[in-house]
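Fold and geometry: a report
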Amino acid sequence: MSPSSGATTLRARLVPRYSAWSLVRARLATSGYWRPLWTGAQLKDAYDVIVVGAGGHGLATAFHLARDHGIKRIAVLDRSLVGYGNVGRNTTIVRSNYLLPQNHYFYEDSLRRWETLSRDLNYNVMYSSRGVCETINSDDEMAAAARRGNAMRLAGIDAELLDREGLRRFAPEIDLHHRRRFPIVGGLLQRRGGTVRHDAVAWGYARAATALGVDIIENCEVTGVRAAAGVATGVETTRGYVRADRIVFAVAGHTGAIGTMLGVELPIETHLLQAAVTEPIKPLVNCVLIYFAEHSEIYVAQSDRGSLVFGGLLDGFPSYTREGQWGRLEDVAQTLVELLPQTAGLKVLRHWAGTNDQTMDGSPIMDRLVYDNVFLNGGWCFGGFKAIPASGAHFATFVATGTPPDLIRNYRLSRFQMGHMLDERGGGPFPVRV
Amino acid sequence: MTQLACPFCGPRELEEFLFHKTLPSPDATPFADAYLRANHRDVSAEHWQHVRGCRAWLEVTRNPSTDKVLEVKLIGPVRA
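Keep in mind it's a predicted model, so treat the numbers as computed, not measured.

Before going further, it helps to spend a moment on the overall build of chain A. Per the secondary structure count, chain A includes 12 helices and 18 strands. Over its C-alpha trace chain A gives a radius of gyration of 22 Å, about what one expects of a compact globule, namely 22 Å for 434 residues. C-alpha extents for chain A along the principal axes are approximately 65 × 60 × 40 Å. For chain A, buried positions account for 50% of its 434 residues.

In structure tokens:
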């Protein structure tokens, strides 16, 4: 699909297509068949598009710019390494069970792309549609879940409302007779939701983009934007100045720094979000379980290695430290034990905290920023990972054509002035607080 | 940062407090006041409330790059 050029064919030879035959060839080759998936790109003086941030969104945007729009000179710059940001720190859950149409159509588009992503990238991202089930703790919550499930079904998205018996059959790992402070009365299930191997997403996009001739430049921090006559002309980096026709920022938890760099305030606070994994155990959790307990929240899934991967709410105040609050981890672990008492004796192997853009309505921002040729993709709150395939495809269309496709039109910055906030939670202009 | 020193109650666990927002610049428009955040890495003044304690509103001066708290004081007049 890409227009072929000398560079593209050369790069395509460096990134061989994976197939059963390629495995045979790799086995027969004496040495040297397996090569790095992306490497060796040299930073040039000028590009058509510079993407800042080699995470899920940045790499996906670069991939679609090259594949769908035939843009040839693209660079992805990262101050660290590919996939060293939030794409490698999340809890790998994909779902589209949102209430608002502006959100659920977008995330449903993303979920459909997850289903075929391994084929599109020729790289196994291990999409597992094991089902995402949110538990319901009261009759009021049941009514709210029914409303959300119905909104999804009207949009053609699968949703099932489970009563206690239905939940017992779907998720027998939950002991419904356990005496909880907030007893579980049912669940809202999306069977096509599930998990994806997060690192493989970054690696797969990086490999596919490299095959299309995208330059991935690691250890190259962008420190400023140069502009002349109201148009951005390029970026200052730690490796010197690079000219660019268009600049895309996809820097996950550091969108605030982009605002500071360009001298504007954004409707974003930077918070810490923690996650943790336990020691590996035999299969216990068969789906993704999400449990709200008024004061706390837990989402948990079991990795292929057997570890329980879980996370909860934000630490609660702006921070750039990436040091999670002990109190929050303790609270999240307690909630896990309340949901699944059989996990009480498990050891936590690792826990980590990532910086997370939290917008003032809980929905992302995809828009121009300050200049006509500077584009911002950020403010993903809790939805960054699951949005990657749709975000990459539609944001690339926006950057290439200058017109945002319908699915992302609602994520423009001006919605805060116009009163068109996408406040899924109905919580007002604040990130989640408990 | 695991504790905040409430002027009334003394040092208390962080879970007792609720972060409200980083204070906007004095010349902020009402829109900026409600929706926009400077969100920088330097020391900033914030409003917190001791919700699970004396419920006093506090102005906390804190560095979000290190989470070091420099000052905690009460907001507004205090009746004797």
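From this point, the narrative continues.
Quick look at the domain arrangement of chain A now. Residue and element names in this part refer to chain A. Taken domain by domain, chain A comprises domain 1 (44-126 + 195-267 + 360-434) and domain 2 (127-194 + 269-359). Across the contact, 43 residues belong to domain 1 and 36 residues belong to domain 2. Elements with a contribution of two residues or more to the side of domain 1 that touches domain 2: strand E3 (93-94), helix H4 (101-121) and helix H8 (255-262). For the side of domain 1 that touches domain 2, the leading source of residues is H4, giving 9 residues. Residues belonging to the side of domain 1 that touches domain 2 are distributed by class as follows: 21 nonpolar, 16 polar and 6 charged.

Now for the sheet that holds strand E13 (residues 288-292) of chain A. Residues and elements named next belong to chain A. Pairing is mixed in the open sheet, where 8 strands are placed in the order E5-E6-E4-E13-E14-E15-E12-E16. Here the strands that pair on one side only, and so sit at the sheet edges, are strand E5 (160-163) and strand E16 (348-359). Taken over all neighbouring pairs, the strand axes of this sheet differ in orientation by 25 degrees on average, direction set aside. In this sheet, strand E15 (residues 308-318) lies alongside strand E14 (residues 297-302) in antiparallel orientation, the contact comprising 4 bridges. Note that in E15 the partner of Gln302 across the bridge is Leu308. Packing against the sheet, helix H9 (residues 326-339) makes contact with strand E12 (268-278), E13, E14, E15 and E16, and its axis sits at approximately 140 degrees to E15.

Residue and element names in this part refer to chain A. Phi at Asn219 is positive, roughly 55 degrees, even though this residue is not glycine. The topology assignment puts Asn219 in the loop between strand E8 (215-217) and strand E9 (222-228). Exposure remark for Asn219: the 11 C-beta atoms within 10 Å place this residue in the exposed category. We note that Val370 has phi near 65 degrees; this positive angle belongs to a residue other than glycine. Assignment of secondary structure puts Val370 in the loop between strand E17 (365-369) and strand E18 (371-378).

Residues and elements named next belong to chain B. The strand order across the open sheet built from 4 strands is E3-E4-E5-E6, with neighbouring strands paired in antiparallel fashion. Here the strands that pair on one side only, and so sit at the sheet edges, are strand E3 (18-22) and strand E6 (68-74). Taking each pair of neighbouring strands and ignoring which way they run, the sheet shows an average axis angle of 30 degrees. Sheet topology places strand E4 (residues 44-49) next to strand E5 (residues 57-63); 6 bridges connect them, and they run antiparallel. Opposite His47, over in E5, you have Glu59 as the bridge partner.

Attention now goes to the nonpolar core. Membership of the largest hydrophobic core comes to 114 residues, with the highest contact counts inside it found for Ile50(A) and Ala209(A). For this core, the domains that each give at least three residues are domain 1 (44-126 + 195-267 + 360-434) and domain 2 (127-194 + 269-359) of chain A. Residues in contact with Ala209(A), not counting those within four places in the same chain, are Leu59(A), Ala62(A), Phe63(A), Ala66(A), Val76(A), Val214(A) and Ile216(A). Counting 7 residues, the second-largest nonpolar core is a separate cluster that includes Phe317(A), Phe17(B), Phe19(B) and Trp48(B).

Moving on to the packing of H4(A) against helix H10 (residues 384-401) of chain A. Residues and elements named next belong to chain A. Their axes nearest at 7 Å, the elements H4 and H10 cross at an angle of 100 degrees. What the angle tells us is that H4 and H10 run roughly perpendicular. Residues Phe106, Tyr107, Asp109, Ser110, Arg113, Trp114 and Leu117 of H4 pack against Lys386, Ala387, Pro389, Ala390 and Ala393 of H10. For the contact of H4 with H10, a count of residues per class yields 8 nonpolar, 1 polar and 3 charged.

Calculation notes
Position numbers for residues count from 1 along each chain, tracking the sequence in the order it is written. Lettering of chains starts at A and numbering of ligands starts at 1, both following the order in which they are written. Under the rules for a predicted model, residues below a pLDDT of 70 receive no local features and side-chain atom pairs below 80 are neither given nor counted, while totals for whole chains, interfaces and linings still include all residues. Each helix is a run of H or I in the DSSP string that is no shorter than four residues. Each strand is a run of E no shorter than two, and both are numbered from the N terminus. This radius of gyration counts C-alpha atoms alone. The globule rule is 2.2 Å times how many residues there are, raised to the power 0.38. A residue is called partly exposed when the number of other C-beta atoms within 10 Å of its own lies between 12 and 20, exposed at 12 or fewer, and buried at 20 or more, with C-beta atoms placed from the backbone. Where each domain starts and ends follows an automatic or database-derived domain assignment. Residues are defined as contacting one another if the C-beta atoms placed from their backbone atoms lie within 7 Å. Three categories are distinguished: nonpolar for Ala, Val, Leu, Ile, Met, Phe, Trp, Tyr, Cys and Pro, charged for Asp, Glu, Lys and Arg, and polar for the others, with Gly belonging to the last. Two strands form a pair only when DSSP identifies at least two bridges running between them. Here an angle of 0 to 180 degrees is reported between the N-to-C directions of two axes, which are lines fitted to C-alpha atoms, with helices fitted over the stretch in contact. A set of buried residues drawn from Ala, Val, Leu, Ile, Met, Phe, Trp, Tyr and Cys, joined through C-beta atoms within 7 Å, is what defines a nonpolar core. Geometric relationships in this document are graded by angle, where less than 35 degrees denotes roughly parallel, more than 145 denotes roughly antiparallel, 65 to 115 denotes roughly perpendicular, and other angles denote oblique.

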